[in-house]
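# Reading the structure
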Amino acid sequence: MRRPSAKVSKPRVVVTRELSDTIMDRMEQLFDTVNNRSDAPMTREQLAAAMADCDVLVPTVTDEIDAELIAGAGERLKLIANFGAGVNHIDLKAARARDIIVTNTPGVLTEDTADMTMALILSVPRRLAEGEKLVRSGQWKGWSPGGMLGHRIGGKALGIIGMGRIGQAVAARARAFGLSIHYHNRHRLPAVLEAQLAATWHESLDTMLGSIDILTIHTPRNPASENLIDARRMGLMRSHVYLINAARGGIVDEAALVDALEAGRLAGAGLDVWAHEPEIDPRLLALPNVVMLPHMGSATYEGRLATGEKVIANIRMWADGHRPPDQVLEGWA
C-alpha cells in the first residue's frame, strides 16, 4: 500500500450524502471535509468533479462509482471509504488498477438487518400489512373466526441463503420462534456453530429450495448472485413458500417473482430492497400478499452512527499511513 505523504495529514474528503450531524461535525473537525447537507443525491457530473479534487470519497449505495468515473478521477484520490457494507456499486477492479483503496463498514448493521428480516418473516405469513391497511381503511367490521387468517411460523422450515454475520443472526432469532434452520453457503459452517444454531447445511441450493417453507436471502450482490433466485429456482419452491429479501435488489428476478405470485406459485413475499430503487414494478404494488419496505433494514440511529464512526476510523488509519481496518480485498463477495 502506498504510504500517504504529508499533504494528506488533513485529507480533503467529499461525502456524497447527508450523514448524522454528529458524524458530519466530527469529519469537519478531523478532515478538510465537504459534506452534502442537502442530502440530494449527487449527479454523475458532480461525482466526477468531486473525484477530480479530493483525497477521499465517501459514497453510499446510491452512488454508482463505475470504471469510467474512476478512470477520470484525480491523481490525489487514493481512498474510497464507502458508507455501508455492500460495495457492489463500486468497480473494485478499476479501483485496484488506479491504486485506490476501497473500504466498507462490515458488522455494524448485523443486528438491525436481522431484526428487520425477522419482522418480515413474521409479517408476511401473518398478513400484518393487510390487517393494518384494513383497519386504516375503515372497512374492518370486527373480529370473526375466519377473519384475516394467516399461517403460524412455528414448526416451519426456514431456508437461509448466505450464512455470514447477518444470516447467523437471523438463524438465532428464528430458532426462538420455533423455526428449523436450513442454509446454503459457499462454505459449510464449523460443526460447533452448526450445532449452536441447530442448522442443516445444503450443499445444493436447488435441493434446499424444495424442502423449505420460508426463504430469506443474505448474500452480497455480485455477478454470481445476480438474479440468483430466477424463474427456474422459483419453480423449485412449493406454492406455500414465502420469500424474504432484505439483502440487495437484483438477487431476486423481480419480473419472475411477480409472475410466480400472480400465478399462485408462491404464497407471498417480504421485500426491503429493489432492483431499480426507488422504482418499483407497479404489479408488485398491486399485490396484497407482498410486504414492501423502503430499504430501511439498516435504518436505526445507532446503526448510522456506528457506520459513520467506521468510515472515520478507516480514513484516519489511511491518513496515518496504515492499512485501513476494513479494506475490501480482491475477491470480496
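See above for the structure.
Below: a short report on this structure. (Residues numbered from 1 in each chain as written. Predicted model: local features only at pLDDT ≥ 70, side-chain atom pairs only at ≥ 80, totals over all residues. Heavy atoms only, no water.)

Here we come to the layout of surface pockets. Left-over empty space is what a probe sized like a water molecule reveals as it rolls over the atoms. Within this model, the second largest pocket holds a volume of roughly 260 Å³. Lining the second largest pocket are 14 residues, and of these G131, L134, W140, G147 and M148 sit closest to its centre. In terms of residue class, the lining of the second largest pocket is made up of six nonpolar, five polar and three charged. (1 Å grid on protein atoms, 1.4 Å probe; cavity = no way out; pocket = protein on both sides within 12 Å on 5 of 7 lines; lining within 4 Å. Points joined across faces, edges and corners; volume = space filled by probe spheres on them. Nonpolar A, V, L, I, M, F, W, Y, C, P; charged D, E, K, R; others polar.)

Once that is clear, we can look at the packing of helix α5 (residues 110-123) against helix α7 (residues 165-176). Running from N to C, α5 and α7 cross one another at 50°; their axes reach a closest spacing of 9 Å. On the basis of their axis angle, the class for α5 and α7 is oblique. Our pair here, α5 against α7, has a crossing hand that is right-handed. Touching T110, E111, T113, A114, D115, T117, M118 and I121 of α5 are R165, I166, A169, V170, R173 and A174, all from α7. Among the residues forming the contact of α5 with α7, the class breakdown is seven nonpolar, three polar and four charged. (Axes fitted to C-alpha atoms, helices over the stretch in contact; angles between N-to-C directions. Helix = DSSP H or I, 4+ residues; strand = E, 2+ residues; numbered from the N terminus. Parallel < 35°, antiparallel > 145°, perpendicular 65-115°, else oblique. Left-handed = near helix turned anticlockwise from the far one by under 90°. Contact = heavy atoms within 4.5 Å.)

Turning to the packing of helix α1 (residues 21-30) against helix α13 (residues 301-319), a few remarks are in order. A pair of packed helices is captured by two measures, namely the crossing angle of their axes and the spacing between those axes. Between α1 and α13, the least distance of the axes is 9 Å, while the angle of their chain directions is 15°. Looking at the two axes, α1 sits roughly parallel to α13. Remark: the crossing between α1 and α13 carries right-handed chirality. Of α13, the residues touching α1 (which contributes T22, I23, R26, M27 and L30) are L305, G308, E309, V311, I312, I315 and R316. The residue makeup of the contact of α1 with α13, split by class, is seven nonpolar, two polar and three charged.

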